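Architecture and fold: a report
Here's the letter readout for the chains.
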Amino acid sequence: MRDVLVYAGHEAGSLNRSALEALAAGRKLANALGEGLAAIVAGVDASGAAAQAIAAGADKVYAVENPILAEFQPALYAAAAAAAVQQADARIVLLNLDGAGRDLVPRLASRLGAAALTEVVSFAAEGGTLKWTRPVYGGKAMAVYTALKDRQVVGLRAKTQDPATLDNSRTGEVVKVSFTVPESTAVTRVVDKIQEAVSGINLADARIIISGGRGLGGPEPFKELEALAAVLGGAVGASRAAVDAGWVAPTMQVGQTGTIVAPDLYIAVGISGASQHLAGITGAKNVIAINKDAEAPIFKRATLGIVADYKTVLPSLTAELKKAFGK
C-alpha cells in the first residue's frame, strides 16, 4: 500500500497551521483511497515535529535531518523532501501553499518528474481517479482536474482546510531518511532576519476582520475601522488599492497577492471587490459589504450588503455594538 504523503512544515519543532491544514486534508484523502497517511518533516532536529505529525493523524513520519537544513532554503528543502518521497514511494504528495509551499511545489514536482497542481481547494476520489478542484478566472469559476501522471504534487490553497487537532494518544512509526548533500549545494545563505513588530491580532488567524478599500478616500478613516475592530476583537485589513495608495502597510493587504484569510466574519468597507481580493476571502464564512455603489462586485459575495456611504453606517454600527458588548 502506498501512503498519501504530506509535507509538514514546522517552526522550532512545532508544526505550523499550514502543516495541520495539510495533514487534515491528507487524512481525508488517505481514508477515501483506503491508504495510510505519512508525513515529511525536515530540519536539524525533527523529533518534536515528528511526534506532533503523528498526533495530528499521520501513521508514519519520514524525518530528514541534516545541519544544512538549519535555515529554510527552497533548493535544499526540495531535495530533502524528494529523498523522503522516493524512500516512501509515495504517489500523492500534499503541501499547503504557504510561503514555503509555493517554493517547494514546482521544485519538488520537477525533481520527481511528477504532475503539479496548485491552489487546490477540494478533492474527490471517484473509482480510483483523483479529481482536484481549484478556482479559475480570478475565483469566478471552479475547474476540476485529473493528472495525467501517476505521481502528483498538490498544493492546497491556504485557509481552505480545517486544521487537524492533536491527539497525543496516537502512535506511529518514525523513519529516518538518509540525506547528505555537499555544502556547495547551498547556493544562498541567510545573512540577516528582520522581524517586523505586529500589534493586535494576526490577520491570517483572525476570526473577525474589518477591511477598508479605495472607497474610504484616505488613511484617516482606517482609525474608524480600528475602533470597530477593537469592539469586536478583530483585526484590520485592506484592499490592494488602499495599500498601493500608501494609506496602510502592505502587511494589511487581503487578497490573492496579500494574505488569504478565512474568518468567521469579514466586513468589507468601501471595497469594490476586485477578483484578486475576492480570491483572498473565499474561505470567509460570512461577508458584510458596505459600499455606496450598488453594482460593486463585492455584493455578489456578500452575505449581507449595505448600499450606503460608510460615513453614515460605521459610526452608528460601532456605537450600537459598544452598547451591546458593554464597552
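Up top you'll find the structure we're talking about.
Rules of the game
- Residues numbered from 1 in each chain as written.
- Predicted model: local features only at pLDDT ≥ 70, side-chain atom pairs only at ≥ 80, totals over all residues.
- Heavy atoms only, no water.
- Buried < 20%, exposed > 50% of the residue type's maximum accessible area, 1.4 Å probe, protein only.
- Helix = DSSP H or I, 4+ residues; strand = E, 2+ residues; numbered from the N terminus.
- Pairing = 2+ DSSP bridges.
- Axes fitted to C-alpha atoms, helices over the stretch in contact; angles between N-to-C directions.
- Contact = heavy atoms within 4.5 Å.
- Parallel < 35°, antiparallel > 145°, perpendicular 65-115°, else oblique.
- Left-handed = near helix turned anticlockwise from the far one by under 90°.
- Nonpolar A, V, L, I, M, F, W, Y, C, P; charged D, E, K, R; others polar.
- Salt bridge = Lys/Arg side-chain N within 4 Å of Asp/Glu carboxyl O.
- Polar contact = N/O pair within 3.5 Å; in protein donor to acceptor, adjacent residues only side chain to side chain.

A look at the pairing of strand β11 (residues 152-156)
Of all five residues making up β11, five are buried, and the element is well covered by its neighbours. With burial as the criterion, each face of β11 is covered, one bearing Q152, V154 and L156 and the other bearing V153 and G155. Judged from the five bridges that link them, strand β6 (residues 92-96) and β11 form a sheet pairing that is parallel. By the bridge assignment for β11, N96 is matched with L156.

Some points on the sheet that holds strand β17 (residues 304-307)
The parallel open sheet is built from five strands, whose spatial order is β14-β13-β15-β16-β17. The open sheet is flanked by β14 (235-238) and β17, the only strands paired with a single partner. Across the sheet, the mean angle separating the axes of adjacent strands is 15 degrees when strand polarity is ignored. Where strand β13 (residues 208-212) meets strand β15 (residues 265-269), five bridges bridge the pair, whose relative direction is parallel. Looking at the pairing, I208 lines up with L265 of β15. Of the strands in this sheet, β13, β14 and β15 are in contact with helix α5 (residues 222-232), which crosses β13 at around 170 degrees. Across the sheet, helix α9 (residues 310-325) lies against β15, β16 (286-291) and β17, angled at about 130 degrees from β16, the strand it touches most.

A closer look at the packing of α5 against α9
The N-to-C vectors of α5 and α9 enclose an angle of 25 degrees; their axes lie 10 Å apart at closest approach. If you check the angle between α5 and α9, you find them roughly parallel. Both α5 and α9 take part in a crossing whose hand is left-handed. Contacts from E224, L225, A227, L228, V231 and L232 of α5 reach α9 at Y310, L314, P315, L317, T318, L321, K322 and F325. The residue makeup of the contact of α5 with α9, split by class, is eleven nonpolar, one polar and two charged.

So, the packing of helix α3 (residues 74-88) against helix α4 (residues 99-112)
Following both chains from N to C, one finds α3 and α4 inclined at 50 degrees, their axes separated by 9 Å at the closest point. One way to sum up the angle between α3 and α4 is to call them oblique. With respect to the hand of their crossing, α3 and α4 are arranged in right-handed fashion. Listed contacts from α4 to P74, A75, Y77, A78, A79, A81, A82, V85 and Q86 of α3 are D103, L104, R107, L108, R111 and L112. Grouping the amino acids of the contact of α3 with α4 by side-chain chemistry returns eleven nonpolar, one polar and three charged.

Quick notes on the pattern of salt bridges
Per the stated rule, a full pass over the model turns up 19 salt bridges. For R157, the salt bridge goes to E119, with nearest N and O atoms at 2.7 Å. Here R157 is found in the loop between β11 and β12 (173-177), whereas its partner E119 is found in strand β7 (residues 115-120), with 38 residues between them in sequence. You'll find R157 and E119 in the same group, each marked buried. Here E126 and K131 are joined by a salt bridge, their closest N and O atoms 3.0 Å apart. The exposure class of E126 is partly exposed, given its relative accessible area of 43%. One continuous salt-bridge network, built from bridges that share partners, spans R2, D89, R91, D150 and R151.

Things to note about the sheet that holds β7
Think of a sheet as strands paired side by side through backbone hydrogen bonds, with each pair either parallel or antiparallel. The parallel open sheet is built from seven strands, whose spatial order is β7-β11-β6-β1-β4-β5-β12. Strands at the two margins of the open sheet, each flanked by one partner only, are β7 and β12. Across the sheet, the mean angle separating the axes of adjacent strands is 25 degrees when strand polarity is ignored.

Some words on the side chain of Q161
Relative to the helices and strands, Q161 is located in the loop between β11 and β12. For Q161, a relative accessible area of 7% gives the class buried. A polar contact of 3.0 Å, which involves the side chain of Q161, links it to the backbone oxygen of V121. Of the polar contacts made by the side chain of Q161, one reaches the side chain of T160; its length is 3.3 Å. Filtering out sequence-adjacent residues up to four positions away, Q161 remains in contact with R17, E21, A25, V121, F123 and L156.

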